[in-house]
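The residues making up each chain are set out below.
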Amino acid sequence: MQTKWLETLQRSWNILAQHPKVILPKLVVAALYGLLLIWTAQNLPLLSGEKLIDPIGIQQLARFSVLSLGLSLLALIVDILVNAMYPVIVSQINVGKKVSLGKAFGQSLEQAPRVIPLNIIVILLFSLVLAPFLILILFSKFIAGESAAWAVGAGLLGMGLIGLLMFVGFYFSNTIAVIEKQGVLQSLRKSMSMGKQHFVDV
């Protein structure tokens with residue numbers, strides 16, 4: 001088990017060493033999120049305090065909220081498409097082809113009608129399932145009173161275990177959607193089935 005994990009880790013490192021450009025899409029995504037955080041941090045102080053009371057302040061807040069949501073969705077879509085590139089890149093390497101980020105991104109775009117809804121559904125499922133545990137942690141004093149520490153521990157344990165199970169269950173979904181070109185529900189079902197079979201390896 002440990003040997004197989006080490007072999008996978010070594011293979012990943014070898015791919016990165018032989019094809020260092022494969023990290024570029026991830027760097028672009030990281031830069032995009034970084035710029036979004038910087039922009040948000042710079043604009044938030046302008047929308048605080050007494051400015052939110054007057055109509056102009058409310059308009060500015062509404063404009064900022066819409067723009068922030070739009071930019072966040074754009075960053076998320078780019079992130080999803082970039083993640084969908086990597087099954088294609090690994091496939092190129094496995095068959096001995098030259099690694100082409102352009103072709104990988106092009107194939108990712110072709111599968112966008114499958115990949116984007118798939119990842120949004122996965123994010124929503126994670127949010128819905130883990131939300132009760134997060135609420136338990138944040139409001140532990142109100143929910144459990146003097147046993148707040150136990151409530152926090154139970155919340156963290158629940159988030160960790162359920163989050164791990166869901167991660168393994170949906171681990172293969174992108175690869176199935178991109179490489180096998182299966183639909184959203186089919187990809188989720190097959191991914192959960194493969195997750196059960198390869199739980200230890202994942």
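Residues numbered from 1 in each chain as written. Predicted model: local features only at pLDDT ≥ 70, side-chain atom pairs only at ≥ 80, totals over all residues. Heavy atoms only, no water.

On to the packing of helix H5 (residues 112-138) against helix H7 (residues 148-169), then. Where H5 contacts H7, the two axes come as close as 7 Å, and the packing angle between them is 165 degrees. It follows from the interaxial angle that H5 and H7 lie roughly antiparallel. For the pair H5 and H7, the sense of crossing is left-handed. Side by side, H5 and H7 meet where Leu 125, Phe 126, Val 129, Leu 130, Phe 133, Leu 134, Leu 136 and Ile 137 of the first sit next to Ala 151, Val 152, Ala 154, Gly 155, Leu 156, Gly 158, Met 159, Ile 162, Gly 163, Met 166 and Phe 167 of the second. Residues that form the contact of H5 with H7 fall into these classes: 16 nonpolar, 3 polar and no charged. (Axes fitted to C-alpha atoms, helices over the stretch in contact; angles between N-to-C directions. Helix = DSSP H or I, 4+ residues; strand = E, 2+ residues; numbered from the N terminus. Parallel < 35°, antiparallel > 145°, perpendicular 65-115°, else oblique. Left-handed = near helix turned anticlockwise from the far one by under 90°. Contact = heavy atoms within 4.5 Å. Nonpolar A, V, L, I, M, F, W, Y, C, P; charged D, E, K, R; others polar.)

When a protein is soluble and globular, its nonpolar side chains tend to lie buried together. Residues Met 85, Ile 89, Val 115 and Leu 188 are the most contacted members of the largest nonpolar core, which totals 25 residues. Looking at this core, the elements that each hand over two or more residues are helix H3 (55-94), helix H4 (101-110), H5, helix H8 (173-179) and helix H9 (184-197). Residue contributions to this core peak at 8 residues, all from H3. Excluding residues within four positions of it along the chain, Met 85 makes contact with Pro 25, Leu 101, Ala 104, Phe 105 and Ser 108. (Core = buried A, V, L, I, M, F, W, Y, C linked by side-chain atoms within 4.5 Å. Buried < 20%, exposed > 50% of the residue type's maximum accessible area, 1.4 Å probe, protein only.)

For Lys 181, which is not glycine, the phi dihedral falls at a positive 55 degrees. Here Lys 181 is to be found in the loop between H8 and H9. Residue Lys 181 is classed as partly exposed on the basis of its relative accessible area, which comes to 42%.

In short, the description is geometric, and any link to function would need to be established separately.
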